[in-house]
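Spelled out, the chains give:
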Amino acid sequence: MQLKAFEQELSVCKLSDASGIDLSNELTFVGITDEEVSLVCPTAHVPANTIAREDGWRAFRVQGVLDFSLTGILSRISSVLADAQVGIFAVSTYNTDYILVKAPNFTRALDVLREAGFSVA
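Residues numbered from 1 in each chain as written. Predicted model: local features only at pLDDT ≥ 70, side-chain atom pairs only at ≥ 80, totals over all residues. Heavy atoms only, no water.

A. Examining the overall build of the protein more closely. Per the secondary structure count, the protein includes two helices and eight strands. For the protein, the succession of helices and strands along the chain, N to C, is β-β-β-β-β-α-β-β-α-β. Along the longest, intermediate and shortest principal axes, the C-alpha atoms of the protein span 40 × 35 × 25 Å. Here the protein, with 121 residues, has 40% of them falling under the buried criterion. (Helix = DSSP H or I, 4+ residues; strand = E, 2+ residues; numbered from the N terminus. Buried < 20%, exposed > 50% of the residue type's maximum accessible area, 1.4 Å probe, protein only.)

B. Quick peek at helix α1 (residues 73–83). Every buried residue of α1 is accounted for by Ile73, Ile77, Val80 and Leu81. Across the axial projection of α1, the buried residues extend over an arc of 95 degrees, all falling on one side. Considering only its buried residues, α1 is in contact with β1 (2–5), β5 (50–62), β7 (97–102) and α2 (106–115). Count one or two residues on from α1 and you reach Gln85, which has phi positive near 60 degrees. (Arc of directions from axis to C-beta. Contact = heavy atoms within 4.5 Å.)

C. Broad picture of the packing of aromatic side chains. Scanning all chains against the criterion turns up four aromatic pairs. A centroid spacing of 6.0 Å and a plane angle of 55 degrees characterise the contact between Trp57 and Phe89, whose relative ring orientation is tilted. Taken together, the residues Trp57 in strand β5 and Phe89 in strand β6 (residues 89–92) connect sequence positions 32 residues apart. Residue classification places Trp57 among the buried positions, given a relative accessible area of 9%. When the centroid spacing of 6.5 Å and the interplanar angle of 45 degrees are considered together, the rings of Phe60 and Phe106 count as tilted. You can see Phe60 sitting in strand β5 and its partner Phe106 sitting in helix α2, a full 46 residues away along the chain. On the accessibility criterion, Phe60 (0% relative accessible area) is buried. By relative accessible area, Phe106 is classed as buried at 4%. Among the aromatic residues, those joined into a cluster by ring pairs are Phe6, Phe29 and Tyr98. (Phe/Tyr/Trp six-rings, centres within 6.5 Å; stacked < 30°, edge-to-face > 60°.)

D. Main features of the packing of α1 against α2. Running from N to C, α1 and α2 cross one another at 115 degrees; their axes reach a closest spacing of 10 Å. Helix-helix and strand crossings are classified by hand; for α1 and α2 the assignment is right-handed. Contacts between α1 and α2 pair Ile77, Val80 and Leu81 from the former with Ala109, Val112 and Leu113 from the latter. Taken together, the residues of the contact of α1 with α2 break down into six nonpolar, no polar and no charged. (Axes fitted to C-alpha atoms, helices over the stretch in contact; angles between N-to-C directions. Left-handed = near helix turned anticlockwise from the far one by under 90°. Nonpolar A, V, L, I, M, F, W, Y, C, P; charged D, E, K, R; others polar.)

Rendered as structure tokens:
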């Protein structure tokens, strides 16, 4: 399985409302529930109406479109990283999964995934 690493630094945010979200940025994820508005976006584009944030994340994605009948992909990645004591923040889209890890752990995360048989681009 191939993974693609992204260079940019990301932030995970909690917003007061969805009004400040710039959806034109690459790697922008929005979650709206009855309890909160969450945003993952490039750190340089964190909106002003952010009420809590955690900076310093990096991301990689599972390459290709994953069929909904496939099982265990995210579980396998998260298990490999958990065994290496690397915490994750996962986001899934219609096509695939994105895994965020804190920037200081990013290189180590990719190294242990390579050792586990993943290909990293």
